Amino acid sequence: MAIAPEQSVIVVGAGPTGLALACELAAAGVSCTVLERRLAPSAQSRAMGLYSRTMEVLDLRGHADTLAALGRPVGRMVPVRGARIDFAGLDTRFPYLNVIPQNRTEEVLQRRALDLGVTVERGAEVFGLAQDGSGVTLQVRAGGGEWEESADFVVGCDGAHSAVRELAGIAFRGRTYPIAPILADVRLRQPPPDDILIMSGGGGVMVSVPYGEGLYRIAVARRDRPWTREPVTLDELRETLTDALGFDPGPHEPEWLARFKIHQRIADQYRTGRVLLAGDAAHLHSPLGGQGLNLGIQDAVNLGWKLGAEVQGWAPAGLLDTYEAERRPQAERILRATDRATWLATSPSATVTAVRRMVMAKALSSRRVRRVAGEAISGLRNGYTERAAGGFRGAGTAGGPGGRKGLAVRAGQRVPDLTVPQVGGAAVRLYALMRDGRFVLLDLGEDGGCAALTEAWGSRVSPVRVGGAVPELPGVGVVLVRPDGYAAWVDGVGDPEGRRARVRGALRRWCGEEGPVARVPGEAPVVVEEEDVAAAPAEPEPTAAAEQA
């Protein structure tokens, strides 16, 4: 390829996934350009909910508090009459679904990306792609002109009809549902009694969510309504809502009425050479449950630090391949679950509907089941297994002799936002220490010897000497936390004499060989704000159904 790369990474697509990835790369000191076909952000908002784990990974880089202030916290979901799923008691700063229009999320992430030096080019359509071992060249057109852009890597975050995926020759296998769901942003004279309501029966399912300014997001799908290109009318919406609710809620002043197709598809691979996919470009599924936006943002945060390591030359062999190995199984699980839920919810069988309601109501009558369901839906139970990472973690990375059994945190699991008492400093939230996208090594030993070892890895690792008890980490001597907030490696309290050798091994496995790596020139250290020392979670709003229960 004759053209030398002009930037390290080109991200195609300025939706939440692409902008979140651009922020991750820029925070790591990687030059990045975002190309977006749309001239301006869309006024419509197809996705509108950020679950707890997504808010946490956004909190790692300081985005979450702004998004929380712009959104509406909802602490419970009502999946069927007489049953609820609780978020309010979850172990997180964000024990709720943050209801926020997608365009607001895009605004926040784009503003942060621009502040970090990312270039965002709008009205730029990608129509050609070529790659070799040294980089990728894109053919781009806009405003009647055409040009080429080159980079070390290209990531397609350009949605369901991804040009990058098609040009790279990656198959997108699956199917399209033979139904014609309706999506509406509308005002209601008699709104449903619950904040997030999912109702099914008679071959249809309806989801209702209020998201501010007097508007309700309504999504309705019926098994007996085949796909049509006919425009949605307010009368059709009223009829469909009346069938679902048993009364006419009085829809009026619609801001958006549309039909949409539901796809279930997944890319054969997330990477081919120097081209990668993330978000809807890599996977599509039924919107029931609102997982799509969350899945895409978490793709971005998983990929960002790994791609940054590859660009900067310190990535251990195989690290970038763990992106697909870890994230594709997560997408496959969501595809299976949402497909099953959609077909059950739209079943025309009265028996199926009655059994589904009875089973869910009985299961969710248990407080423990409600908590577990809340953790699962909100993403707090997600993690990565050693098998998913292709054995990348290696033997001995979940403990150490005499210290593996009974560890509260294991390699691949989410590390919660711990309050960390620092030697010689104030206690601080763990996630506040991760703003710049580095690994964090928590050394709970008395002498701080393991923390001192990280000096050989320069700016790749931030060492923290823990100066007091951390109740969430019983039996743990050292934790190496990945930039995406999951445990890379955990060592127990046993065999302290061999611990330093094990720490060196873990650092080499995850952070590459010893030696400094340049980041952004003049880069400022992480600044921990006062509110990060003792931040209080937002209070979710109770639902009417929850109050009655």
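Fair warning: this is a prediction, and the values are worked out from it, not measured in the lab.

K.L.:
So what exactly am I meant to see when it comes to the pattern of salt bridges here?
P.N.:
In a structure, side chains of opposite charge can pair up when their charged atoms sit close to one another. Going through the model one piece at a time under the given rule, you end up with 39 salt bridges. In this structure, E36 engages R38 in a salt bridge whose closest nitrogen and oxygen atoms are separated by 3.1 Å. For D299, the salt bridge identified is with R327, shortest N-O distance 2.8 Å. Taken as a pair, D299 in helix α7 (residues 292-312) and R327 in helix α8 (residues 322-345) lie far apart in primary sequence, 28 residues in all. When sorted by exposure, D299 lands in the same class as R327, which is buried. Three or more residues are tied together by salt bridges with common partners; here these are D59, D65, R93, D417, R429 and R435.

K.L.:
What is the right way to read a nonpolar patch on the surface from this model?
P.N.:
Among the surface-exposed residues, V355, M358 and V359 lie close enough to one another that they form a single nonpolar patch of about 280 Å² accessible area. Within the secondary structure layout, V359 lies in helix α9 (residues 350-363).

K.L.:
Help me out: how do you make sense of the packing of aromatic side chains in this one?
P.N.:
Geometry of an aromatic ring pair is reported as the spacing of the ring centres plus the angle between the planes. Under the counting rule described, the total for this entry stands at 8 aromatic pairs. With a centroid separation of 6.0 Å and 70° between ring planes, the pair formed by Y51 and F87 is classed as edge-to-face. With Y51 in the loop between β3 (49-50) and α2 (52-59) and F87 in the loop between β6 (85-86) and β7 (97-99), the pair connects residues that are 36 residues apart, well separated along the chain. Assessed through its relative accessible area of 4%, Y51 is described here as buried. Between F94 and Y96, the ring centres sit 6.4 Å apart and the planes meet at 85°, which makes this aromatic pair edge-to-face.

K.L.:
Explain the pairing of strand β10 (residues 135-142) here, please?
P.N.:
Consecutive side chains along a regular strand alternate between the two faces of the sheet. In this sheet, β10 lies alongside strand β9 (residues 125-132) in antiparallel orientation, the contact comprising 7 bridges. Bridge pairing links L129 to L138 in β10. Joining the antiparallel neighbours β9 and β10 is a turn of 2 residues. Where β10 meets strand β11 (residues 145-156), 7 bridges bridge the pair, whose relative direction is antiparallel. Across the sheet, L138 pairs through a bridge with E149, a residue of β11. The antiparallel pairing of β10 with β11 creates a hairpin that spans 2 residues between the two strands, and G143 there sits at a positive phi of about 55°.

K.L.:
Looking at this model, I keep getting lost on the side chain of S162. Mind explaining?
P.N.:
With respect to the helices and strands, S162 occurs in the loop between β11 and α5 (163-167). Of the polar contacts made by the side chain of S162, one reaches the backbone nitrogen of R165; its length is 2.9 Å.

K.L.:
Just checking my understanding: could you explain the packing of α2 against α7 for this structure?
P.N.:
For any two helices packed against each other, one specifies the inter-axial angle together with the distance between the axes. The geometry of α2 relative to α7 is characterised by a closest axis approach of 10 Å and an angle of 30° between their N-to-C directions. As judged from the angle between their axes, α2 and α7 are roughly parallel. Crossing geometry of α2 relative to α7 is assigned as left-handed. Contacts between α2 and α7 involve R53, T54, V57 and L58 from the first element and N294, I297, Q298 and V301 from the second. Here the residues of the contact of α2 with α7 are counted per class, giving 4 nonpolar, 3 polar and 1 charged.

K.L.:
Would you mind going over the state of the cysteines with me for this structure?
P.N.:
Covalently bonding the sulfur atom of one cysteine to the sulfur atom of another cysteine gives a disulfide. Evaluation of the coordinates by the stated rule reveals 0 disulfides. Left without a disulfide partner, C157 is nearest to the cysteine sulfur of C32, which lies 9.2 Å away.

K.L.:
Is there a simple way to think about the sheet that holds β3 in this case?
P.N.:
For sheets, the rule is that strands pair by backbone hydrogen bonds, running either parallel or antiparallel. Sheet architecture is open: 3 strands sit in the order β3-β7-β4, paired in antiparallel fashion. Looking along the sheet, the strands with just one partner apiece sit at the ends: β3 and β4 (72-74). Relative to β7, β3 runs antiparallel, the two being bridged by 2 bridges. Its bridge partner being in β7, L50 is matched across the sheet by N98.

Conventions used here
Residues numbered from 1 in each chain as written. Predicted model: local features only at pLDDT ≥ 70, side-chain atom pairs only at ≥ 80, totals over all residues. Heavy atoms only, no water. Salt bridge = Lys/Arg side-chain N within 4 Å of Asp/Glu carboxyl O. Helix = DSSP H or I, 4+ residues; strand = E, 2+ residues; numbered from the N terminus. Buried < 20%, exposed > 50% of the residue type's maximum accessible area, 1.4 Å probe, protein only. Patch = residues over 30% accessible without salt bridge, like charges linked within 9 Å, V, L, I, M, F, W, Y side chains within 5 Å. Areas by Shrake-Rupley, 256 points an atom, 1.4 Å probe, with all protein chains shown as cover. Phe/Tyr/Trp six-rings, centres within 6.5 Å; stacked < 30°, edge-to-face > 60°. Pairing = 2+ DSSP bridges. Polar contact = N/O pair within 3.5 Å; in protein donor to acceptor, adjacent residues only side chain to side chain. Axes fitted to C-alpha atoms, helices over the stretch in contact; angles between N-to-C directions. Parallel < 35°, antiparallel > 145°, perpendicular 65-115°, else oblique. Left-handed = near helix turned anticlockwise from the far one by under 90°. Contact = heavy atoms within 4.5 Å. Nonpolar A, V, L, I, M, F, W, Y, C, P; charged D, E, K, R; others polar. Disulfide = S-S within 2.5 Å.

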